[in-house]
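Residues per chain, in single letters:
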Amino acid sequence: MSPALTPVQESPAEIQPAGFTPSVNDLAIKVGTVNGSGSQSANLAILRALYSMGIPCSGKNVFPSNIEGLPTWFHLRASAQGYVGHVLDPRILICMNEATARDDVLALRPGALCVYRDDFDLDPRTLRGDIQFFPVPFLKLVQEAYPPDKTDKLYRDRLRKVVNMVYVGVLASMCQIEMEAIEWGIRREFPGRKARAGEVNINAAAAGFRWAEASLPPERPYTVARIPGSWNKILIEGNKAAALGVLFGGASVLTWYPITPSSSLAEYAEDFLKHHRVDANGKCSFAIVQAEDELAAIGMAVGAGWAGARALTATSGPGTSLMAEFVGLAYFAEIPVVIIDVQRMGPSTGLPTRTSQGDVLKLHMLGHGDCRHLVLLPGSVEECYSFTIESLDLAQRFQTPVFMASDLDLGMNLWLTDPFRYPDRPLARGKVLTKEDLDRLGRFERYRDADGDGVCERTLPGTEHPLAAYFTRGTGHNEKSGYSERPDDWKRNLDRLARKLQTARPQLPAPVVDDNPHARVGLIAYGGTHYALVEARDLLAAEGIETSYCRVRALPLADAVFQFIERHERVYVVEQNRDAQLQTLLHAELCGTLANRLIPVNHYNGTPIAAENIVRPILAREQSPCTSGWPVAESAHEIDRAHPSCEPSTE
Amino acid sequence: MPNPATITVHDNGHSFNLPTLAFQGLPSTLCKGCGHNSITSHLIEACKSLAVNPYKTIKMSGIGCSSKTPAYFLSASHGFNALHGRMPSVATGAMLANHKLLCIGISGDGDTANIGMGQFMHICRRNVPIVYIIENNGCYGLTKGQFSATADLHAHLRRPGGEENQVPPFDLCEQAITAGASFVARSFAGDKKQMIALLKAAIAHRGTAVLDVISPCVTFNDFEGSTKSWDWARAHESPLHELGFVPRLPEIEVEQTPGEPVRVQLHDGAWITLKALRHEEHNVSSRASALALLEESHENGEFVTGLLYLNTTTPNFTERLTLVDTPLALLSEDMLRPKPEVLEKIMQTL
């Protein structure tokens, strides 16, 4: 494999940021706070309010690897068009953290609005003159709503959290978010026994709202308005969605070791399982073990999968590295096991709280010797749910490790989505022979390909039959699972494993292709890049560039992906990693000059990819096609037709 | 007349005959005279004499000479030759999937004390139900005799100009006791009577039962002065007690015999009897006493064998997890997948 690693550089300097124009239902807000200051409830209250007004919205937490004290940001977006990807330039900045106020203000685009605490030492107004500033007396307002209480030892701590609700109210006024919706959102954040605290928070929001109504200038450039009609959505993180997949996928053994950003997946799953899979006698239909490390976590999952459980483990990049030896064993010994990798920025500890798609290539080939694995690539929280279920079934059907590669952006951020559907298929059990099957067949060889699909029959330990037992090993083995160093046994087995992969390939989630008959340009992406990509396509179309889109959902790659490339002159492969990992795989399998049609677009700074990160480099390429790295065309005729001024490359 | 070629297995209310072949395995490919081979034959004897159900038994191992052992006994049982030092996690997972199985794990000193020390300590800590046999020869046989972490201090590698081992060994029984194993014993591959009694007791125990068995490596570590040699072990073995095992048989009522200092009932109703030979002060249910005894034996250059520690009351790992009675591996869909109403209800909370 020799991937052409010439990623298109993002070049923000090339395009001068323009100011904003007034907008309705096209809102982007950035809130800068201090980690651990309890701003999450405030942010979620706004998100829920926007949702209740029928406006598509999303919220992203950009947070440090820290428990308390370091800067953290929350990005809120509301968009009538349904764009919920990351956006680079907020229209409104809320500065609650003086430590980052300067940088945050300087990064704004002209025309933005900046709300800040009037008790900062810094006066942000001295920094620039092309944005509007609104100092807000946060402390005064919050103390009106939540008067000091000397009998409450936790008052200061609580005040620190409640103060965030003041900006909720200010924003409600600024953006015309309905206060009833805000109140509803706050109440949702403080259910049950927390209701009393909820009322305090509502008072704080109301104080902010009243102050803003009285004190802000009348212009409201960036507002929202209720979108009539009914819609029924849920708000959920990918990790929680995957945890529901654990619950409804019938997982019976979950082993894990804490690692950001996957820990919450296991914790949510534990919570769901304890609520819904414990019988009247307090007995559990599942086992969860927090292992001593990732080696033990995968070891237990492999042992459980071997003995017949629907077993899985959840981890992130460094954890998958530790699991590599076991994955190689499970691949070769053919043991069902699911590994969920919520990807973060590596190498090493890297940026543990920042998102990435940097493990994709490694997961596909993890192990030692020839290894290829099934990898599912969820592109939404719904797919985090349904692909977890699918992974558990695929592992049973194909007796092999199955990866689900989610990422921090999908996994830890809240997304609006339709309510999940109950699985429409029974749990897959795969080719497991029972005592009765063995009686009927009168024979059993663990690694004999009876059906010609590469998938063999297996028995579970505990099967009371003289034919049932076999010896599982990572060493060379023959069809009867006996030790063998014979060259023909070895090769036959490896070839069968390749055949098994081919059997599985068309049964994986198919790519989602949106073909535009007018498009010469194709876009390939996967995972959480989807949302930014959908938006990018509209922006490109506005610039006169029609595109088709192929969203890859599984590895090994489906034929439809290659056919998609054949139908387009240039195909941009958009990924959130440096090394164009999916493109590397495409290069390995594409024939002839097809590989030259691929152009990588790579985003890898730790923030979720935004539409702009896709549009800018593609526009640059499409508008000046003679720059180096322009793909070799199929024929001079095509070049002439597409770009009359270009000389065909002589490469 | 019982047929000597078959063994009657009683399990879960039914019984059936199995050929004795089902308790044996493939011929050993280890060196002639290897202590491991002796352990294998003791193991077969113990399984036969208890008539364990091979179908409900799993044989787990890591990597190394010792870890080949599962191929040499109980051919009617599923076996898993896993990764170097990682057998404990695989065995744990298998027991989570099916807690009704009998798990026999075979490891070596390198597999346990070097690469696998972490997992060994944690399986002891969890008290996972497993018979954990360490075939301890103080060296790496398969890779030609390198030291393991149980090699004697100042031992020399068996090659011309062989380097000296500069670091003292781990005592794996001490480690197991400290970590929380509920059954810890030491024996010698050449002591058939004691080995079989200990193996039977370990099989009847339902928790982590660690058997550290000195098992001479005839090729790399069976020379004069080696504490893992046949001669040294025979000369220095100091059995703690005369060990008896009385299985639970419906037709025999076990009676207390006066004069016998320790009798302990195991989980399946069997009894072990410990008639003290020396160290009369040792209390088998006290970790402190067991550790003191082991430390003392090091100071005296003795090789204490027998049951060092036993706790039959602490719950094992699968009991702690309060699993449903049916093994997780065999649960039907209605047990594994909640009803649609549950999903609907959860959706309403989001």
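In what follows, the accompanying structure is described. Source: prediction; values computed, not measured.

All names here are of chain A. The sheet built from eight strands is open, its strands ordered 7-6-5-2-4-3-17-9 with mixed pairing. Because the sheet does not close on itself, it has two edges, and the strands there are strand 7 (132–136) and strand 9 (234–237). The mean angle between the axes of side-by-side strands here comes to 20 degrees, regardless of whether they run parallel or antiparallel. When strand 9 meets strand 17 (residues 414–417), the two strands line up antiparallel, connected through four bridges. The partner of Leu-235 across the bridge, within strand 17, is Leu-416. This element, helix 1 (residues 40–52), spans strand 2 (26–34), strand 3 (57–62), strand 4 (71–79), strand 9 and strand 17 of the sheet and lies at about 5 degrees to strand 4. Sheet contacts for helix 3 (residues 138–145): strand 6 (113–117) and strand 7; angle to strand 6, the most-contacted strand, approximately 65 degrees.

Glancing now at the pairing of strand 24 (residues 598–602) of chain A. Looking down a regular strand, the side chains alternate between one sheet face and the other. All names here are of chain A. Taking burial as the measure, the five residues of strand 24 include five buried ones, the bulk of the element. Residues Leu-598, Pro-600 and Asn-602 line one face of strand 24 and the alternating positions Ile-599 and Val-601 line the opposite face, and both faces are buried. Of the crossover connections in this fold, the one passing from strand 23 (residues 570–575) over helix 19 (residues 581–589) to the parallel strand 24 is right-handed.

Glancing now at the sheet that holds strand 14 (residues 271–276) of chain B. Strand pairs in the sheet, formed through backbone hydrogen bonds, run parallel or antiparallel to each other. Residue and element names in this part refer to chain B. In spatial order, the strands read 12-14-13; together these three strands make up an open sheet with antiparallel pairing. Looking at strand neighbours, the two that pair on one side only are strand 12 (241–246) and strand 13 (262–265), the edges of this open sheet. Taking each pair of neighbouring strands and ignoring which way they run, the sheet shows an average axis angle of 15 degrees. When strand 13 meets strand 14, the two strands line up antiparallel, connected through four bridges. Bridge pairing in strand 14 places Gln-265 opposite Trp-271.

As enumerated under the stated definition, the model contains 17 aromatic pairs over all chains in all. Residues Phe-332 of chain A and Trp-490 of chain A carry aromatic rings whose centres are separated by 5.0 Å and whose planes lie at 45 degrees to one another, so their mutual orientation is tilted. Of this pair, Phe-332 of chain A sits in helix 11 (residues 324–333) while Trp-490 of chain A is found in helix 16 (residues 487–504), placing the two residues 158 residues apart along the sequence. Relative to Trp-230 of chain B, the ring of Phe-188 of chain B lies with its centre 5.7 Å away and its plane at 65 degrees, an arrangement referred to as edge-to-face. Here Phe-188 of chain B, found in strand 9 (residues 183–188), pairs with Trp-230 of chain B, found in helix 7 (residues 230–236); they are 42 residues apart in sequence, far enough to count as distant. This pair shows no difference in class: Phe-188 of chain B is buried, exactly as Trp-230 of chain B is. Over the ring of Phe-20 of chain A we find Arg-109 of chain A, and its NZ or CZ is 4.6 Å from the ring centre. In this structure, Arg-126 of chain B packs its charged tip against the face of Phe-317 of chain B, placed 5.8 Å from the ring centre.

So, about the interface of chain B and chain A. In this complex, chain B contributes 57 residues to the contact, which on the side of chain A involves 70 residues. For the pair chain B and chain A, the summed buried surface comes to about 5000 Å²; carbon and sulfur atoms form 66% of the total. Considering only the surface of chain B that becomes buried against chain A, His-78, Arg-337 and Leu-350 of chain B emerge as the three largest contributors, covering 17% of it. Here chain B is connected to chain A by one salt bridge. Residue Arg-126 of chain B is joined to Glu-292 of chain A by a salt bridge in which the shortest nitrogen-to-oxygen separation is 2.8 Å. Applying the counting criterion to the chain B and chain A interface returns 21 residue pairs in polar contact (both at pLDDT 80 or more). Broken down by secondary-structure element, the contributors of at least two residues to the side of chain B that touches chain A are strand 2 (14–19), strand 3 (57–61), strand 4 (78–81), helix 2 (87–97), helix 4 (117–126), helix 10 (333–336) and helix 11 (340–349) of chain B. Split into classes, the residues belonging to the side of chain B that touches chain A amount to 32 nonpolar, 18 polar and seven charged. Two strands pair when backbone bridges link them, and strand 18 (residues 471–473) of chain A and strand 4 of chain B are joined in this way by three bridges, in the parallel orientation. For Arg-473 of chain A, the partnering residue across the bridge sits in strand 4 of chain B and is Asn-81 of chain B.

Looking now at empty space enclosed by the protein. Residues and elements named next belong to chain B. Tallied over the entire structure, the rule returns eight cavities of 30 Å³ or more. Looking at the second largest cavity, it is lined by 14 residues, and the ones nearest its centre are Phe-147, His-156, Phe-220, Asn-221 and Phe-223. Looking at the lining of the second largest cavity residue by residue, the classes come out as seven nonpolar, five polar and two charged.

Ile-524 and Leu-586 of chain A together with Met-60 of chain B are the most contacted members of the largest nonpolar core, which has 105 residues in total. Take this core: its biggest share by element is eight residues, from helix 9 (residues 294–306) of chain A. Listed in part, the 74 residues of the second largest apolar core include Ile-92, Leu-93, Phe-120 and Leu-159 of chain A.

Quick look at a negative patch on the surface now. Together, Glu-281, Glu-295, Glu-296 and Glu-299 of chain B make up a region of like negative charge exposed at the surface. Of note, Glu-281 of chain B is situated in the loop between strand 14 and helix 8 (287–299).

As for its position among the elements, Glu-292 of chain A is in the loop between strand 11 (287–290) and helix 9. Under the relative-accessibility criterion, Glu-292 of chain A is labelled buried at 15%. Of note is the side chain of Glu-292 of chain A, whose polar atom sits 2.8 Å from the side chain of Arg-126 of chain B. With sequence-adjacent residues up to four places away left out, Glu-292 of chain A is seen in contact with Tyr-257 and Met-300 of chain A together with Gly-118, Gln-119, His-122 and Arg-126 of chain B.

Each value, and the rule that gives it
- Residues numbered from 1 in each chain as written.
- Chains lettered and ligands numbered in written order.
- Predicted model: local features only at pLDDT ≥ 70, side-chain atom pairs only at ≥ 80, totals over all residues.
- Heavy atoms only, no water.
- Pairing = 2+ DSSP bridges.
- Helix = DSSP H or I, 4+ residues; strand = E, 2+ residues; numbered from the N terminus.
- Axes fitted to C-alpha atoms, helices over the stretch in contact; angles between N-to-C directions.
- Contact = heavy atoms within 4.5 Å.
- Buried < 20%, exposed > 50% of the residue type's maximum accessible area, 1.4 Å probe, protein only.
- Right-handed = clockwise from strand over helix to strand, strands pointing away.
- Phe/Tyr/Trp six-rings, centres within 6.5 Å; stacked < 30°, edge-to-face > 60°.
- Lys NZ or Arg CZ within 6 Å of the ring centre and 35° of its normal.
- Buried area = accessible area lost by both parts, 1.4 Å probe.
- Salt bridge = Lys/Arg side-chain N within 4 Å of Asp/Glu carboxyl O.
- Polar contact = N/O pair within 3.5 Å; in protein donor to acceptor, adjacent residues only side chain to side chain.
- Nonpolar A, V, L, I, M, F, W, Y, C, P; charged D, E, K, R; others polar.
- 1 Å grid on protein atoms, 1.4 Å probe; cavity = no way out; pocket = protein on both sides within 12 Å on 5 of 7 lines; lining within 4 Å.
- Points joined across faces, edges and corners; volume = space filled by probe spheres on them.
- Core = buried A, V, L, I, M, F, W, Y, C linked by side-chain atoms within 4.5 Å.
- Patch = residues over 30% accessible without salt bridge, like charges linked within 9 Å, V, L, I, M, F, W, Y side chains within 5 Å.
- Areas by Shrake-Rupley, 256 points an atom, 1.4 Å probe, with all protein chains shown as cover.
- Lys, Arg positive; Asp, Glu negative; His and termini not counted.
- Charge placed at Lys NZ, Arg CZ, Asp CG, Glu CD.

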